[in-house]
Amino acid sequence: MTETVVAVDGPAGSGKSSVSKAAAKRLGFDYLDTGAAYRALSWYVLDGNIDSTDAAAVVASLPGFRYTIGTDPFGYHVRVGETDVTDSIREPRVTAVVSNIARVPEVRSHVTGIFRDIIRDSVAPGIVVEGRDITTVVAPDATARILLTASEEARMSRRSAELASESASEVASALQKRDRADSRVVDFMTAAAGVTTVDSTTLNFDETVDAVLDVIRTSQKT
Ligand SMILES: Nc1ncnc2c1ncn2[C@@H]1O[C@H](COP(=O)(O)OP(=O)(O)O)[C@@H](O)[C@H]1O
Ligand SMILES: Nc1ccn([C@@H]2O[C@H](COP(=O)(O)OP(=O)(O)O)[C@@H](O)[C@H]2O)c(=O)n1
């Protein structure tokens with residue numbers, strides 16, 4: 001079992017993946033992107049021509065879902081069976097259905113089990129785990145618990161800068177729709193008791209990483 005667990009939650013585009021990965025690199029920690037599992041299962045469901053809105057069919061697909069993710073922040077990769085899906089799980093067709101998959105309770109408990117196994121098996125001095133329910137469900141006993149937020153405007157412009165091939169308005173409406181659907185399942189907009197909020201709206205990337213590192217260092221001392 002790794003010594004330090006850092007839990008980071010927040011809405012889409014708040015910087016969870018990039019900031020958590022950078023913090024893990026600085027600390028020599030592992031890095032676990034939990035959204036990748038929901039995305040990979042969505043990819044697997046689409047690949048099998050399963051209707052993502054049919055919860056029973058999605059649950060029935062779980063035993064065949066062979067998922068692996070790299071936790072080295074310098075060597076991130078995601079696989080389903082032998083197929084490398086690192087890039088394909090970011091495609092808009094996957095993003096469009098992921099909330100359907102993530103709202104199924106059996107899916108959530110299945111992937112939460114996978115996340116806890118990965119955290120337990122990490123041999124690094126620590127692991128940064130990011131998603132929507134890490135501070136509350138996956139690792140509520142984490143050493144450091146952070147809610148990373150940013151204004152909706154900042155999140156939309158960051159995401160549309162990344163997805164240059166799509167129009168800003170398409171990116172914005174897809175992001176709003178997904179946050180609305182996701183927040184019906186898990187509350188990642190308000191910090192639970194004991195969770196520290198880092199608002200990155202007016203911080204640049206390096207300042208945000210430093211703010212997260214400060215919270216981690218403070219938690220390690222207490
Ligand atoms: N504080 C910041 N200032 C400017 N851009 C940022 C900041 N934090 C993250 N970004 C950028 O915003 C984009 C979205 O971040 P990402 O880590 O993918 O968010 P999330 O995982 O929460 O969806 C990335 O291109 C990232 O480099
Ligand atoms: N811990 C988590 C992580 C992701 N998710 C789901 O997985 C989707 C993709 O997560 P992500 O972290 O890759 O999304 P981005 O915010 O990076 O776009 C989210 O829209 C949620 O539906 C979740 O329900 N719980």
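Counting restarts for each chain: residues are numbered from 1 in the order of the written sequence. As they are written, the chains are lettered A onward and the ligands numbered 1 onward, keeping that order. Where local features are concerned, this predicted model is filtered to residues with pLDDT of at least 70; where side-chain atom pairs are given and counted, the filter is 80 or more; whole-chain, interface and lining totals use all residues. With hydrogens and water set aside, each side-chain value is computed from the structure's full complement of heavy atoms.

- An unreviewed UniProt entry lists the chain under the name Cytidylate kinase, from Mycetocola miduiensis.
- UniProt positions are given in the numbering used here, feature names are shortened, and annotations may be inferred rather than shown by experiment. Listed in UniProt under the heading Subcellular location (unreviewed entry), the comment for the chain reads: "Cytoplasm".
- UniProt's Sequence similarities (unreviewed entry) comment on the chain is quoted here verbatim: "Belongs to the cytidylate kinase family. Type 1 subfamily."

## Some remarks on the packing of helix 8 (residues 152-162) against helix 9 (residues 168-183)
Between two packed helices, both the angle of their axes relative to each other and the distance between the axes serve to describe the pair.
Next up, step 1: Lines fitted to C-alpha atoms define the axes here, with helix axes fitted over just the stretch in contact, and angles between the N-to-C directions of these axes take values from 0 to 180 degrees. What counts as a helix is a DSSP run of H or I of at least four residues, what counts as a strand is a run of E of at least two, and both are numbered from the N terminus. Where helix 8 meets helix 9, the closest approach of the two axes is 9 Å, and the angle between their N-to-C directions is 125 degrees. Judged on the interaxial angle alone, helix 9 and helix 8 are oblique. Between helix 8 and helix 9 lies a crossing whose hand is right-handed. On helix 9, the residues touching Glu152, Arg155, Met156, Arg159 and Ser160 of helix 8 are Ala168, Val171, Ala172, Leu175, Gln176, Arg178 and Asp179. By the definition adopted for this analysis, an angle is roughly parallel if under 35 degrees, roughly antiparallel if over 145, roughly perpendicular if from 65 to 115, and oblique otherwise. By the definition used in this description, the sense in which the near helix is turned from the far one sets the handedness, with an anticlockwise turn below a right angle giving left-handed and a clockwise turn giving right-handed. In this description, contact between two residues means that some pair of their heavy atoms is separated by no more than 4.5 Å.

## Looking at the UniProt feature "domain: Cytidylate kinase" (unreviewed entry) in the chain
Next up, step 1: Mapped onto this numbering, the UniProt entry gives "domain: Cytidylate kinase" (unreviewed entry) at residues 6-217.
Next up, step 2: This span, residues 6-217, is 49% helix and 15% strand, and a straight line between its end C-alpha atoms measures 11 Å.

## Thoughts on the site of ligand 2
Next up, step 1: Near is defined per residue: the residue qualifies when any heavy atom it owns lies within 4 Å of the molecule or strand. Around ligand 2, the surrounding shell holds 18 residues, and the nearest of these are Arg39, Arg108, Arg159, Arg178 and Asp182.
Next up, step 2: As used in this structure description, the phrase polar contact means that two N or O atoms lie within 3.5 Å; if the pair is within protein, one of them must be able to donate a hydrogen and the other to accept it, and residues adjacent in sequence are counted only when both atoms belong to side chains. A distance of 2.8 Å is found between an oxygen atom of ligand 2 and a side-chain nitrogen or oxygen belonging to Arg108.
Next up, step 3: Between an oxygen atom of ligand 2 and a side-chain N or O atom of Asp182, the distance comes to 2.5 Å.
Next up, step 4: Working definition of accessibility: Shrake-Rupley area with a 1.4 Å probe, residue cover restricted to the visible protein chains. Coverage of ligand 2 by the protein chains reaches 98% of its 530 Å² of free accessible surface.
Next up, step 5: Those elements giving two or more residues to the shell around ligand 2 turn out to be helix 2 (35-47), helix 5 (98-102) and helix 9.
Next up, step 6: Of the residues that constitute the shell around ligand 2, the class distribution is five nonpolar, four polar and nine charged. Classification convention: Asp, Glu, Lys, Arg as charged; Ala, Val, Leu, Ile, Met, Phe, Trp, Tyr, Cys, Pro as nonpolar; all other residues, Gly among them, as polar.

## A short note on the sheet that holds strand 8 (residues 196-199)
Next up, step 1: Strand order in the open sheet made by the five strands is 2-6-1-7-8, with parallel pairing throughout. For this open sheet the edge positions go to strand 2 (30-33) and strand 8, each flanked by a neighbour on one side alone. Neighbour-to-neighbour, the strand axes of the sheet open up by a mean angle of 20 degrees, direction not taken into account.
Next up, step 2: The criterion for strand pairing is that DSSP finds at least two bridges linking the strands in question. Both strand 1 (residues 4-9) and strand 6 (residues 126-131) contribute to a ladder of six bridges, which runs parallel. Across the sheet, residue Val8 finds its bridge partner in strand 6, namely Glu130.
Next up, step 3: Strand contacts of helix 1 (residues 16-27): strand 1, strand 2, strand 6 and strand 7 (144-149), with the helix running at about 175 degrees to strand 6, the strand carrying the most contacts.

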